[in-house]
Amino acid sequence: MAEQPLHEHTLGNGLRVVVCEDHVVPLAAVNLWYGVGSRHERAGRTGLAHLFEHLMFQGSANVAEGEHAALLESAGAAFNASTSFERTNYYETVPVSHLELALWLEADRMGTLPAALTQANLDNQRDVVKNERRQRYDNQPYGTAFERLCALTFPGGHPFAHTPIGSMDDLNATTLEDCTDFFSTWYAPGNAVLSVVGDVDPEKTLEAVERYFGGIPAGPEQPAARPGDLGPLSGVRGETLDEDVPSPAYFALFTLPSDGGDDIEAAELAVEILGGGSGSRLYDRMVRRDQIATEVWAGVTRLATGQSLAIVDAIGPDPDKIAAVLDEELERFVAGGPDDDETARATAQAERGFLEQTETVTGLANALSQNATQFGDPARVFTAPGRAAAVTGTAIKEMAGRWLAPGARVALTYGGTSS
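This structure is a prediction, so every number in the text was calculated from the model and none was measured. Position numbers for residues start from 1 in each chain and track the written sequence from start to end. Owing to the predicted nature of the model, reporting of local features is limited to residues with pLDDT of at least 70; listing and counting of side-chain atom pairs is limited to 80 or more, with chain, interface and lining totals taken over all residues. No hydrogens and no water enter the side-chain calculation; it runs on all heavy atoms of the structure.

Engineer: Lay out the sheet that holds strand β3 (residues 27–34) with the relevant residues and their values.
Structural biologist: Pairing between strands requires that DSSP locate at least two bridges from one strand to the other. Secondary structure elements are defined from DSSP: runs of H or I of at least 4 residues count as helices, runs of E of at least 2 residues count as strands, and each element is numbered from the N terminus. Strand order in this open sheet of six strands is β1-β2-β6-β3-β5-β4, and the pairing throughout is mixed. Two strands in the sheet have a free side with no partner beyond their single neighbour: β1 (6–10) and β4 (78–83). Neighbour-to-neighbour, the strand axes of the sheet open up by a mean angle of 10°, direction not taken into account. By the convention used here, residues are in contact when the closest approach between their heavy atoms is within 4.5 Å. Every axis corresponds to a line fitted to the C-alpha atoms, with the helix fit spanning only the stretch in contact, and the corresponding angles, defined between N-to-C directions, vary from 0 to 180 degrees. This element, helix α3 (residues 99–112), spans β3, β5 (88–95) and β6 (192–198) of the sheet and lies at about 155° to β5.

Engineer: Quick one: what's the story with the pattern of salt bridges, residue by residue and with numbers?
Structural biologist: Any Lys or Arg side-chain nitrogen found within 4 Å of a carboxyl oxygen on Asp or Glu counts as a salt bridge. The final tally for this structure, using the stated rule, is 23 salt bridges. One salt-bridge network, held together by shared partners, links Asp259, Glu265, Glu268, Arg302 and Arg387.

Engineer: Pulling in residues and values, what's your account of empty space enclosed by the protein?
Structural biologist: Lining residues are those with an atom within 4 Å of a point, where the points come from a 1 Å grid over the protein atoms alone and group into cavities, where a 1.4 Å probe fits but cannot get out, or pockets, open sets with protein on both sides within 12 Å along at least five of seven lines. Grid points are joined across faces, edges and corners, and a volume is the space filled by probe spheres set on the points. A full pass over the atoms with the stated rule returns two cavities of 30 Å³ or more. Volume-wise, the largest cavity comes out at about 60 Å³. If you go around the largest cavity, the residues you meet are Phe254, Val271, Leu274, Leu282, Ala298, Ala310, Val312, Leu326, Leu330 and Leu404. Looking at the lining of the largest cavity, the elements that each hand over two or more residues are α9 (262–275), β10 (308–315) and α11 (319–336). Think of it as three bins: nonpolar holds Ala, Val, Leu, Ile, Met, Phe, Trp, Tyr, Cys and Pro, charged holds Asp, Glu, Lys and Arg, and polar takes everything else, Gly as well. Looking at side-chain class alone, the lining of the largest cavity contains ten nonpolar, no polar and no charged residues. Lining the second largest cavity, in full, are Tyr250, Met286, Val312, Asp313, Ala314, Ile322 and Leu326.

Engineer: Let's hear about the nonpolar core: which residues, and what values?
Structural biologist: Of all hydrophobic cores here, the largest spans 47 residues; its most connected members are Leu15, Tyr34, Phe52, Leu103, Tyr187, Leu194 and Phe213. If one sorts the elements of this core by residue count, α3 sits on top with six residues. With residues near it in sequence (within four places) discarded, Leu15 still touches His9, Thr10, Leu32, Met110, Pro189, Gly190, Ala192, Val193, Leu194, Val209 and Phe213. Residues Ala252, Leu274, Ala310 and Ala400 belong to the second largest nonpolar core, which totals 36 residues. Here, the term nonpolar core denotes a set of buried Ala, Val, Leu, Ile, Met, Phe, Trp, Tyr and Cys residues that are joined through side-chain atoms within 4.5 Å. Under the scheme applied here, a residue whose accessible area is under 20% of the maximum for its type counts as buried, over 50% as exposed, and between as partly exposed, the area being computed with a 1.4 Å probe on protein chains only.

Engineer: Tell me about the environment of Gln125, and please be specific about residues and values.
Structural biologist: With respect to the helices, strands and loops of the structure, Gln125 is situated in helix α4 (residues 119–138). For Gln125, a relative accessible area of 7% puts it in the buried group. Sequence-wise, Gln125 and Phe254 are 129 residues apart; in three dimensions their C-alpha atoms are separated by 34 Å. Once you skip the residues sitting within four places of it in the chain, Gln125 turns out to touch Leu51, His54, Leu55 and Gln58. Of the polar contacts made by the side chain of Gln125, one reaches the side chain of Asn124; its length is 2.5 Å. Polar contact criterion, stated in full: a pair of N or O atoms within 3.5 Å, where within protein one must be able to donate a hydrogen and the other to accept it, and residues adjacent in sequence count only if both atoms are side-chain atoms.

Engineer: Give me the lowdown on the environment of Pro159, citing residues and values where you can.
Structural biologist: With respect to the element layout, Pro159 can be found in the loop between α5 (145–153) and α6 (168–173). Owing to a relative accessible area of 1%, Pro159 belongs among the buried residues under this scheme. Sequence separation between Pro159 and Ala225 is 66 residues; the distance between their C-alpha atoms is 8.6 Å. With residues near it in sequence (within four places) discarded, Pro159 still touches Ser38, Arg39, Arg226, Pro227 and Gly228.

Engineer: I'd like to hear about the environment of Phe183, residue by residue, with values.
Structural biologist: Summarising the element assignment, Phe183 is placed in helix α7 (residues 176–186). Classification of Phe183 by relative accessible area gives buried; the value is 6%. Distance in space between the C-alpha atoms of Phe183 and Leu113 is 8.4 Å, their sequence separation being 70 residues. Discounting chain neighbours no more than four positions away, the residues touching Phe183 are Phe52, Met56, Arg109, Met110, Leu113 and Pro114.

Engineer: Kindly report on the layout of surface pockets, identifying the contributing residues and their values.
Structural biologist: Considering only enclosed or pocket space, the second largest pocket measures out at about 250 Å³ in volume. Top contributing element to the lining of the second largest pocket by residue count: α7, with five residues. Classifying every residue of the lining of the second largest pocket gives six nonpolar, two polar and seven charged.

Engineer: Explain the packing of helix α1 (residues 48–55) against α4 residue by residue, including any values.
Structural biologist: Contact pair α1 / α4: the axes reach a minimum separation of 9 Å and the direction vectors enclose 120°. Handedness of the crossing formed by α1 with α4: right-handed. Within the contact between the two elements, α1 uses His50, Leu51, His54 and Leu55 and α4 uses Asn121, Leu122, Gln125, Arg126, Val128, Val129 and Glu132. Residues belonging to the contact of α1 with α4 are distributed by class as follows: five nonpolar, four polar and two charged. Here a crossing is called left-handed whenever its near helix is offset anticlockwise from the far helix by less than a right angle, and right-handed whenever the offset is clockwise.

Engineer: Lay out a nonpolar patch on the surface with the relevant residues and their values.
Structural biologist: Like-charged residues within 9 Å of one another, or nonpolar side chains (Val, Leu, Ile, Met, Phe, Trp, Tyr) within 5 Å, are grouped into patches, provided each residue has over 30% relative accessible area and no salt bridge. A 1.4 Å probe and the Shrake-Rupley method give the accessible areas. Residues count as covered only by the protein chains that appear here. The grouping of Val24, Val25 and Leu27 at the surface amounts to a nonpolar patch, some 250 Å² of accessible area in total. The residue Val25 is located in the loop between β2 (16–21) and β3 in this model.

Engineer: Account for the packing of α3 against helix α8 (residues 202–213), with residues named and values stated.
Structural biologist: Running from amino to carboxyl end, α3 crosses α8 at an angle of 30°, the nearest separation of the two axes being 9 Å. If you check the angle between α3 and α8, you find them roughly parallel. When you trace α3 past α8, the crossing you get is right-handed. In contact with Leu99, Glu100, Leu103, Trp104, Glu106, Ala107 and Met110 of α3, α8 contributes Thr205, Ala208, Val209, Arg211, Tyr212 and Phe213. Should an angle fall under 35 degrees it is taken as roughly parallel, and over 145 as roughly antiparallel, whereas 65 to 115 is taken as roughly perpendicular and any remaining angle as oblique.

Engineer: Got a sec to walk through the sheet that holds strand β11 (residues 408–414)? Specific residues and values, please.
Structural biologist: Within the open sheet, the five strands sit side by side as β7-β11-β8-β10-β9. Their pairing is mixed. Strands with a single pairing partner mark the edges of an open sheet, and in this sheet they are β7 (235–241) and β9 (295–301). Between one strand and the next, the sheet's axes are offset by a mean angle of 15°, whatever the strand orientation. With seven bridges connecting them, β9 and β10 associate as antiparallel partners. Paired with Trp297 across the two strands is Asp313, which belongs to β10. Sheet contacts for α5: β7, β8 (249–256), β10 and β11; angle to β11, the most-contacted strand, approximately 140°.

Engineer: I'd love a proper account of helix α10 (residues 281–289), names of residues and values included.
Structural biologist: For an α-helix, 3.6 residues make a turn, and residues three or four places apart therefore share a direction. Where α10 is concerned, the buried positions are Arg281, Leu282, Arg285, Met286 and Val287. For α10, the secondary structure elements touched by its buried residues are α9, β9, β10, α11 and α12 (340–358). At the N-terminal boundary of α10, the capping side chain belongs to Ser280, with an oxygen 3.3 Å from the backbone nitrogen of Tyr283.

The analysis is restricted to geometry; functional conclusions fall outside its scope.
The following block contains the structure:
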């Protein structure tokens, strides 16, 4: 993807703004990243960042309860939000004629949400989140695997030791005062990036952003984030679970380099070669040849403020045999590295993934916000394919030797005899 001109501006209150013209369709994507996620929560109040993702749709000083979504729906908008370890994201894609409506709604809840924050809203949205936890995690086969792996991998108190969904006990204990303090600490213009992409005039868009957001107070300086570095794992540790699941399974977590450097590019290519689909080494060995698994998958969660994570999961009747074969394949990969065809295919897949993420105004706006928030450079998004293409087989082999060594992981075994 060719680099597109970006128009950047920082308001007096610290809000960073990125505007990118794309006149293919008469749409505008508004994407707002706040630099707050589950890693910023304090002990005893996990789940607050994700809870706020829901509370932000419950109205503000000039928007009644339920009206935020209703106004966007009446405008034909597609909108949503998401929470991760490191950020919370709010986004809407609207017909360009309704761009100012989207900006006004985002500004009103950034500046005035506490005015509409009531005990009834908190109780209602807390119940929504608790039900989400039940449906997507607690009552889902293997649903708590990632949460358990993080708790096993990171020591108590580490910012990545708990996942964004939070615990039931902490959600129940959350008070209105907790919510108000959390909002005033993290939901400030200086802790946010606003990206607008689409059929827009940059100068007029920046004027509108200044008009709606410029009067919001800058807010306090955010507390320093706790360090997230952990380094490569050593040894195998984990636990065996006796749960009612459709089939025995084996889940493994590896730490990887932080996002932002060359090493993570090599790491993600290595994971793609090992387990990224039906053409991968693990799928070929476990599913096709040895037939010890019915499904095998591997993927990467990039983290910029600590170790990124790789997950391998395999469904099959003998988890212990899966674990042994995983070690064999890791040992072979570390010893010999990828061949040229594997490196080329993984690189092509990385480029395809980038194009899929940025081919729409919605995806490009999100990528600009991400790179501005995490790396201070929204234009960095355009160099992603080149960074992947520059990785050599030798670099992949060296990275695997450090981060993906056999016998160096945290594991969960469902229905086996050992971890």
